[in-house]
Amino acid sequence: MRPLPKRPGPLLVLLVVAFAAATGAAASSDAAGTSVPFYPSAEAAAAAHCDGTLYPDVCLSTLSNIPDLHKKPLPDVICAAVNRTEDVVTATASNCSSYLRERSLSARDRLAISDCLELLSTTMDDLQATVADLESPSATNGSASAVGARRVTLDHVMTVLSAAITNQYTCLDGFAYQNGGRVRRYIEPTLHHVSRMVSNSLAMAKKLPGASPAAPRQPFTGYGQMVRGFPRWVRPGDRRLLQAPASGIKADAVVAQDGSGDYTTVSAAVAAAPTNSKRRYVIYIKAGAYMENVEVGKKHVNLMFVGDGIGKTVIKASRNVIDGSTTFRSATVAVVGKNFLGRDLTIENFAGPSKHQAVALRVGADLSAFYRCSFIGYQDTLYVHSLRQFFRDCDVYGTIDFIFGNAAVVLQSCNLYARKPLPNQSNIFTAQGREDPNQNTGISVQRCKVAAAADLVGREAATRTYLGRPWKQYSRTVFMQSELDSLIDPAGWLEWNGDFALDTLYYGEYKNTGAGAGTSGRVKWKGYRVITSAAEASAFTVGSFIDGDVWLAGTSIPFDTGL
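Please read all numbers here as calculations on a predicted model, not as lab measurements.

A. Representation of empty space enclosed by the protein within the structure. Applying the stated criterion across every chain yields a total of four cavities of 30 Å³ or more. Taken together, Thr 166, Tyr 169, Thr 170, Asp 173, Tyr 383, His 385, Gly 405, Asn 406, Gly 433, Glu 435, Trp 471 and Lys 472 make up the lining of the largest cavity. Broken down by element, the residue count for the lining of the largest cavity peaks at four residues, all from helix H7 (residues 147–173). Residue composition of the lining of the largest cavity, grouped by class: three nonpolar, six polar and three charged. Two domains each provide a minimum of three residues to the lining of the largest cavity, namely domain 1 (42–207) and domain 3 (399–557).

Okay, structure coming up:
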């Protein structure tokens, strides 16, 4: 009999265990991006981190005074960069506030600066949320079991950084009026600096494990999958609220013009709602025409508006650019508080086509959803400003750029109606505003009807109508599986100004039907494509684009996850 092998000594056992633990920890750190590659110097680390950013000089300057940069993991580097951006935002807001003390400012100047202050405050929230996310256990846990939570967290990082960039350009857009450049030239350099700092943080965040799509077919990261007709981020309870009969919903507050409710105006009900609520707060708005502008601020989270139906419950107003408003402030209803839901109501801006930009609904609320609603206006009807949004079974009426903004938004099973514009005007359904190629934003129109409104029917030949035009450099819009009526111009898409953005935009069409769906006469721009791959098209669905599988599942709004 051969002698039994000797048992390993205690020291050898400890070494093996320690090595296994270290190996596992290293793999876990690599998966979370918390390991630190070897950099011979802080300069070498800065060069590596800034590689691939759009503004490398700004990036190198930002990272140059971070202590022990070469010893920090990437999430810590991004947090440090974001903290420095917060300092610049604070200084910029202080400068804007000081301008309000100038007696020579016009009313419009003051309004535009006030918009900037609100947007800078929102930007600060976005930056603070980024740091909180990157420091959270879900971002730093690299174990296999934490992959799902880490993906959701990093999707949120990409989303809020994308929104923070948009905010700076929205501020500057507010000065697009005669003599607006007088004030704009003082604040524009610092706002561009903020947007470039955020852009660099976004580019670095895309290097984190799990932040970028696993395959090229997913350019719209962070929207999520669909479950039973809604993105998963619509929670089950919220989904029931969106689909249940109005009579079966228990409202927390009732609005009625005749005094039979708790309030006679929607604004009063919103003002009385709890702030930072952890549960859904339902405001039931009885049938009637409510002539008011309504703002749902950032502290009013988890609010829901329930009406008695399209055309029955109507909120309407008429702010517009011609009469002195900014586009941002012209909205009849503006929603910023996250997790907002709206159903069975109409929101209208009745300023008319001669008043130019006049928004019916502006949404800058993350994880917001609208079901069986109607939005009526002419130019700039629906302002999908930023963050993740979903519209199902809704009607949108307008003329010029009447679905516009820089959210990650999916419109599913909606009716989009072009109205009769002013003489010599064209109709354009969309004007998407993506400023940065790393932003996870765009407009996705899926299974919708694209047609003429009643006042344009029979006059389509006299008005040229297009699917969209590029408002910003990296504009991104897709129409898929939709019915395009004959009013669509054979070219399909319209230039904004000469060859601006024609090479950098992403415009796609996939399996559309109808008399206006033919693509043989479409534009020949480098950025336009007829999508033939289901894999490429699926990137623009609710599941891939807006993380809908995570948040819509609880809302009771129906949704489809894929094609």
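So much for the structure itself; the text now carries on.
B. Molecular detail of the layout of surface pockets. By volume, the largest pocket is sized at about 840 Å³. Surrounding the largest pocket, 40 residues form its lining, Ala 129, His 156, Val 160, Lys 338 and Asp 366 being those nearest its centre. Where the lining of the largest pocket is concerned, the elements lending two or more residues are helix H5 (107–135), H7, strand S11 (361–363) and helix H13 (548–551). Looking at the lining of the largest pocket, its residues break down into 16 nonpolar, 13 polar and eleven charged. As for the second largest pocket, its lining consists of 28 residues, of which Asp 173, Ala 176, Thr 327, Gln 357 and Trp 471 are closest to the centre. Those elements that place two or more of their residues in the lining of the second largest pocket are H5, H7 and helix H8 (181–205). Looking at the lining of the second largest pocket, the element that brings in the most residues is H7, giving four residues. For the lining of the second largest pocket, the class distribution of residues is eleven nonpolar, eight polar and nine charged.

C. Structural view of the packing of H5 against H8. Contact pair H5 / H8: the axes reach a minimum separation of 12 Å and the direction vectors enclose 15°. With respect to H8, the element H5 is oriented roughly parallel. In terms of crossing hand, the pair formed by H5 and H8 is left-handed. Across from Asp 109, Ile 113, Cys 116, Leu 120 and Leu 127 in H5, the residues of H8 making contact are Arg 182, Val 183, Ile 187, Leu 191 and Val 198. For the contact of H5 with H8, a count of residues per class yields eight nonpolar, no polar and two charged.

D. Inspection of the UniProt feature "active site" (unreviewed entry) in the protein chain at higher detail. The positions UniProt marks with the feature "active site" (unreviewed entry) are Asp 401. Assignment of secondary structure puts Asp 401 in the loop between strand S15 (395–398) and strand S16 (403–405). Assessed through its relative accessible area of 5%, Asp 401 is described here as buried. Residues in contact with Asp 401, not counting those within four places in the same chain, are Asp 380, Ile 428, Phe 429, Thr 430, Ala 431, Arg 469 and Trp 496.

E. Focus on the pattern of salt bridges. Following the criterion strictly, the structure yields 20 salt bridges and no others. Across the pair Arg 392 and Asp 393 runs a salt bridge whose closest N-O atoms are separated by 3.5 Å. Accessibility expressed as a relative area gives 12% for Arg 392, which makes it buried. With a shortest N-O distance of 3.0 Å, Arg 464 and Asp 489 are connected by a salt bridge. In this pair, Arg 464 sits in the loop between strand S21 (449–452) and strand S22 (465–468) while Asp 489 sits in the loop between strand S24 (483–484) and strand S25 (506–510), placing the two residues 25 residues apart along the sequence. One network of salt bridges, in which partners are shared, links Asp 115, Glu 118, Glu 295 and Arg 329.

F. Just H8, in detail. Between its terminal C-alpha atoms H8 stretches 34 Å, which fits the 36 Å expected from 25 residues at 1.5 Å a residue. At Ile 187, H8 shows its largest kink, close to 45°, and the proline Pro 189 lies no more than four residues downstream.

G. Quick look at the environment of Trp 496. Within the element layout of this structure, Trp 496 appears in the loop between S24 and S25. With 27 residues separating them in the primary sequence, Trp 496 and Arg 469 have C-alpha atoms 5.8 Å apart. Setting aside chain neighbours within four positions, we find Trp 496 in contact with Asp 401, Ala 431, Arg 469, Pro 470 and Trp 471.

H. Structural view of the nonpolar core. Of all hydrophobic cores here, the largest spans 60 residues; its most connected members are Ile 283, Phe 305, Leu 361, Phe 391, Leu 411 and Leu 416. Mapped onto the domain boundaries, this core takes at least three residues apiece from domain 2 (235–397) and domain 3 (399–557). Residues within four places of Leu 411 in sequence aside, it is in contact with Leu 382, Phe 391, Val 396, Ile 403, Leu 416, Ile 443, Ser 444, Val 445, Gln 446 and Cys 448. In this structure, Cys 79, Val 131, Tyr 177 and Leu 191 belong to the second largest nonpolar core, which totals 55 residues.

I. Quick peek at the state of the cysteines. One pass over the full model with this rule turns up two disulfides. Cys 116 shares a disulfide with Cys 171; S-S distance 1.9 Å. Note on the Cys 116 and Cys 171 pair: the S-S dihedral is about 85°, so by sign convention the disulfide is right-handed. One end of the pair, Cys 116, is in helix H5; the other, Cys 171, is in helix H7, with 55 residues separating them in the sequence. You can call Cys 171 buried: its relative accessible area is 2%. Numbered by order of appearance in the sequence, the disulfide-linked cysteines of the protein chain pair as 1-2, 3-4. Of the cysteine sulfurs around Cys 96, a residue in no disulfide, the closest is that of Cys 116, at 5.3 Å. The exposure class assigned to Cys 96 is buried, which follows from its relative accessible area of 0%. Residue Cys 394 stays outside any disulfide, its sulfur separated by 4.8 Å from that of Cys 414, the closest cysteine.

J. Representation of the packing of helix H4 (residues 74–99) against H5 in the model. Running from N to C, H4 and H5 point in directions that differ by 165°, and their axes come no closer than 9 Å. Classed by the angle they form, the pair H4 and H5 counts as roughly antiparallel. Here H4 runs over H5; the crossing is left-handed. Considered class by class, the residues forming the contact of H4 with H5 number 16 nonpolar, eight polar and two charged.

K. Region of the structure containing the environment of Ser 482. One can find Ser 482 in the loop between strand S23 (476–480) and S24. For Ser 482, a relative accessible area of 1% corresponds to the buried category. For Ser 482 and Tyr 510, which are 28 residues apart along the polypeptide, the C-alpha to C-alpha distance reads 8.5 Å. Excluding its chain neighbours within four sequence positions, the residues that come into contact with Ser 482 are Val 445, Gln 446, Arg 447, Cys 448, Lys 511, Asn 512 and Thr 513. Here the side chain of Ser 482 touches Arg 447 through a polar contact of 3.3 Å, landing on its backbone nitrogen.

Calculation criteria
Within any chain, residue numbers begin from 1 and follow the written order of that chain's sequence. This being a predicted model, a pLDDT of at least 70 is required before a residue's local features are given, and a value of 80 or more before pairs of side-chain atoms are given or counted; all residues contribute to the totals for chains, interfaces and linings. As a convention, hydrogens and water are excluded, and side-chain values are obtained from all of the structure's heavy atoms. Lining residues are those with an atom within 4 Å of a point, where the points come from a 1 Å grid over the protein atoms alone and group into cavities, where a 1.4 Å probe fits but cannot get out, or pockets, open sets with protein on both sides within 12 Å along at least five of seven lines. Grid points are joined across faces, edges and corners, and a volume is the space filled by probe spheres set on the points. Going along the chain from the N terminus, every DSSP run of H or I of four or more residues is numbered as a helix, and every run of E of two or more is numbered as a strand. Any residue outside Ala, Val, Leu, Ile, Met, Phe, Trp, Tyr, Cys, Pro, Asp, Glu, Lys and Arg is labelled polar, Gly included; the first ten of those are nonpolar and the last four are charged. How far each domain reaches was decided by an automatic or database domain assignment. Note on geometry: axes are C-alpha line fits, over the in-contact stretch for helices, and angles between N-to-C directions span 0 to 180 degrees. Roughly parallel here means an angle under 35 degrees, roughly antiparallel means over 145, roughly perpendicular means 65 to 115, and every remaining angle is called oblique. Handedness of a crossing is defined here by the sense of rotation of the near helix relative to the far one, left-handed for an anticlockwise turn of less than a right angle and right-handed for a clockwise turn. Contacts: residue pairs with any heavy atoms within 4.5 Å of one another. UniProt positions are given in the numbering used here, feature names are shortened, and annotations may be inferred rather than shown by experiment. Burial status follows relative accessibility: with a 1.4 Å probe on protein chains alone, a residue under 20% of its type maximum counts as buried, one over 50% as exposed, and anything between as partly exposed. Salt bridges are defined as contacts in which a side-chain nitrogen from Lys or Arg sits within 4 Å of a carboxyl oxygen from Asp or Glu. Helix span, as expected, comes to 1.5 Å for every residue beyond the first. At every residue, the bend is computed as the angle between two fitted axes, covering the seven residues ending there and the seven beginning there respectively. Here, nonpolar core means buried Ala, Val, Leu, Ile, Met, Phe, Trp, Tyr and Cys residues that are tied together by side-chain atoms lying within 4.5 Å of each other. Any two cysteine sulfur atoms within 2.5 Å of one another count as a disulfide. In the analysis that follows, any N or O atom pair within 3.5 Å is treated as a polar contact, provided that within protein one partner can donate a hydrogen and the other can accept it, and provided that, for residues neighboring in sequence, both atoms belong to side chains.

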